[in-house]
Amino acid sequence: MRRRSKKPKWQLKIAKERIDILFELAKKELKKYPKRSRRYVELARKIGLRYNIRLSKERKRSFCKKCNTLLYIGKTAKITSDKLPELKVVKCLNCGEKKKIPK
Ligand SMILES: [Zn+2]
């Protein structure tokens with residue numbers, strides 16, 4: 001039986017760096033090239049999955065799970081509900097997906 005091999009550390013390091021770079025690029029391109037920006041987020045997520053790298057909480061919250069748009073209130077997202085005391089609901093303006101974020 002083949003053991004699920006663990007990726008060597010140096011590979012994980014490179015993968016993490018690539019994720020950082022992709023998120024940076026996604027931020028940069030968001031305004032001018034939203035499609036490209038979404039593609040970068042998608043790639044970053046794929047790398048994370050392949051190498052079993054967890055994204056930080058902040059990072060996970062920063063994009064739409066459904067369409068990979070980076071969410072910025074007032075730009076690509078808006079808060080639709082502020083009624084719940086400990087949650088805010090952020091709506092992605094690209095695909096309409098709603099995301100609950102603890103305050
Ligand atoms: Zn979306």
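Everything here concerns the structure above.
Residues numbered from 1 in each chain as written. Predicted model: local features only at pLDDT ≥ 70, side-chain atom pairs only at ≥ 80, totals over all residues. Heavy atoms only, no water.

Asker: How do you make sense of unusual backbone geometry when you look at a structure like this?
Answerer: Glycine aside, negative phi is the norm for most residues, and most peptide bonds take the trans geometry. Despite not being glycine, Asn-52 has its phi angle at roughly 60 degrees, a positive value. Examined against the element boundaries, Asn-52 turns out to sit in the loop between helix 2 (34-50) and helix 3 (57-61). Owing to a relative accessible area of 57%, Asn-52 belongs among the exposed residues under this scheme. The backbone phi angle of Asn-68 is positive, close to 70 degrees, even though this residue is not glycine. Considering the arrangement of structural elements, one finds Asn-68 in the loop between helix 3 and strand 1 (77-81). (Helix = DSSP H or I, 4+ residues; strand = E, 2+ residues; numbered from the N terminus. Buried < 20%, exposed > 50% of the residue type's maximum accessible area, 1.4 Å probe, protein only.)

Asker: Can you walk me through the coordination of the zinc ion in this structure?
Answerer: Ideal geometry at a metal centre: 109.5 degrees between donors when four sit tetrahedrally, and 90 or 180 degrees when six sit octahedrally. Protein ligation of the zinc ion involves Cys-64 (SG), Cys-67 (SG), Cys-92 (SG) and Cys-95 (SG), the donor distances falling in the range 2.2 to 2.3 Å. Classification of the site at the zinc ion as tetrahedral follows from its four donor atoms and the range of 106 to 113 degrees in their angles at the metal. When the donors of the zinc ion are listed by position in the chain, the intervening gaps give C-x2-C-x24-C-x2-C. Here Cys-64 is found in the loop between helix 3 and strand 1, whereas its partner Cys-95 is found in the loop between strand 2 (87-92) and strand 3 (98-102), with 31 residues between them in sequence. What makes Cys-95 partly exposed here is its relative accessible area of 31%. (Donors = N, O, S within 2.8 Å, 3.2 Å for Na, K, Ca; no water. Tetrahedral: all angles 85-135°; square planar, octahedral: opposite > 155°, others 65-115°.)

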